[in-house]
Amino acid sequence: RKQERLTKPRRHRIFVPSEYDVLLGKGTPIQNFIGNKRLRVLVLDCQKQYEKAKKGDKNRIVQEIANTVNQASGMFLKKDGDAWIAVDDTIARKKVSAIFRTNRIVALKREREGKLIDLSISGSGAAV
């Protein structure tokens, strides 16, 4: 199937997403889709580099990740009735950027929770 996607033009409607596709949407089934998990791993691998980068470099990193998905014969897909349709590159980059932002928020939240725990263990008993 991967070879078919690499050699033939993209179809407009996809009824069965491949393991390399990234699904846009909300909910556990979307989050647990193998292509979405692969994308999160790619983003996590670049998170430190992204956080240190300037804006233009951040855009380049996001584009490289979107290109990596596409080069693996994957597509960024959104639900359209009973099928999936490919979204344009702008929406794909927004999806990748959103994952970077989510990772940052989760990391900051964990860091703050860790500080709260440290304060309570120190004996003061006061939580900030």
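The rules we used
- Residues numbered from 1 in each chain as written.
- Predicted model: local features only at pLDDT ≥ 70, side-chain atom pairs only at ≥ 80, totals over all residues.
- Heavy atoms only, no water.
- Helix = DSSP H or I, 4+ residues; strand = E, 2+ residues; numbered from the N terminus.
- Buried < 20%, exposed > 50% of the residue type's maximum accessible area, 1.4 Å probe, protein only.
- Contact = heavy atoms within 4.5 Å.
- Areas by Shrake-Rupley, 256 points an atom, 1.4 Å probe, with all protein chains shown as cover.
- Phe/Tyr/Trp six-rings, centres within 6.5 Å; stacked < 30°, edge-to-face > 60°.
- Lys NZ or Arg CZ within 6 Å of the ring centre and 35° of its normal.
- Pairing = 2+ DSSP bridges.
- Axes fitted to C-alpha atoms, helices over the stretch in contact; angles between N-to-C directions.
- Parallel < 35°, antiparallel > 145°, perpendicular 65-115°, else oblique.
- Left-handed = near helix turned anticlockwise from the far one by under 90°.
- Nonpolar A, V, L, I, M, F, W, Y, C, P; charged D, E, K, R; others polar.
- Salt bridge = Lys/Arg side-chain N within 4 Å of Asp/Glu carboxyl O.

If you had to explain the overall build of the protein chain to someone new, which residues and values would you point to?
Along its length, the protein chain carries five helices and three strands. In the protein chain, the succession of α and β elements from N to C terminus is α-β-α-α-α-β-β-α. Counting over 128 residues, the protein chain shows a buried share of 28%. In the protein chain, once contacts between residues fewer than 6 apart in sequence are set aside, the share between residues at least 24 apart is 57%. Carbon together with sulfur atoms contributes 56% to the accessible area of the protein chain, which is approximately 8700 Å² in total.

For the packing of aromatic side chains, give the residues involved together with the corresponding values.
All chains considered together, the criterion is met by one aromatic pair. Between the aromatic rings of tyrosine 50 and phenylalanine 100, the centroid separation amounts to 3.8 Å while the plane-to-plane angle is 5°, which identifies the pairing as stacked. Highlighted residues: tyrosine 50 in helix H3 (residues 34-52) and phenylalanine 100 in helix H5 (residues 89-121), separated in sequence by 50 residues. Of the residues examined, phenylalanine 100 reaches a relative accessible area of 0% and is grouped as buried. Over the aromatic face of tyrosine 50 sits the side chain of lysine 58, whose NZ or CZ is 5.0 Å from the ring centroid.

Account for the sheet that holds strand S3 (residues 83-86), naming residues and giving values.
Read from one edge to the other, the open sheet built from three strands follows the order S1-S2-S3, with strand pairing classed as mixed. Because the sheet does not close on itself, it has two edges, and the strands there are strand S1 (22-24) and S3. Within this sheet the neighbouring strands show an average axis-to-axis angle of 45°, counted without direction. Across three bridges, the pairing between S1 and strand S2 (residues 76-80) is parallel. Bridge assignment links leucine 23 to a residue of S2, and that residue is leucine 77.

Just give me the short version of the packing of H3 against helix H4 (residues 55-71), but keep the residues and values in it.
Where H3 meets H4, the axes come as close as 11 Å, and the angle between the chain directions of the two elements is 160°. By the criterion of interaxial angle, the relationship of H3 to H4 is roughly antiparallel. The crossing of H3 and H4 is right-handed. Counted together, Leu39, Leu42, Val43, Cys46, Gln49, Tyr50 and Glu51 of H3 and Lys58, Arg60, Ile61, Val62, Ile65, Thr68 and Val69 of H4 form the full contact between these two elements. The residue inventory of the contact of H3 with H4, partitioned by class, reads nine nonpolar, two polar and three charged.

If you had to explain the pattern of salt bridges to someone new, which residues and values would you point to?
Side-chain pairs of opposite charge can arise where the charged atoms are in close proximity. All chains considered together, the criterion is met by six salt bridges. The partner of glutamate 19 in a salt bridge is arginine 38, with the nearest N and O atoms 2.8 Å apart. Taken as a pair, glutamate 19 in the loop between helix H1 (2-7) and S1 and arginine 38 in helix H3 lie far apart in primary sequence, 19 residues in all. Judged by its relative accessible area of 34%, arginine 38 is partly exposed. Residue glutamate 51 is joined to arginine 104 by a salt bridge in which the shortest nitrogen-to-oxygen separation is 3.0 Å. Here glutamate 51, found in helix H3, pairs with arginine 104, found in helix H5; they are 53 residues apart in sequence, far enough to count as distant.

I'd like a description of the pairing of S2, backed by residues and values.
Both S2 and S3 contribute to a ladder of four bridges, which runs antiparallel. Residue lysine 79 lies in a different strand from S3, and its bridge partner there is tryptophan 84. The turn linking S2 back onto S3 is made up of two residues, and glycine 81 within it adopts a positive phi angle of 70°.

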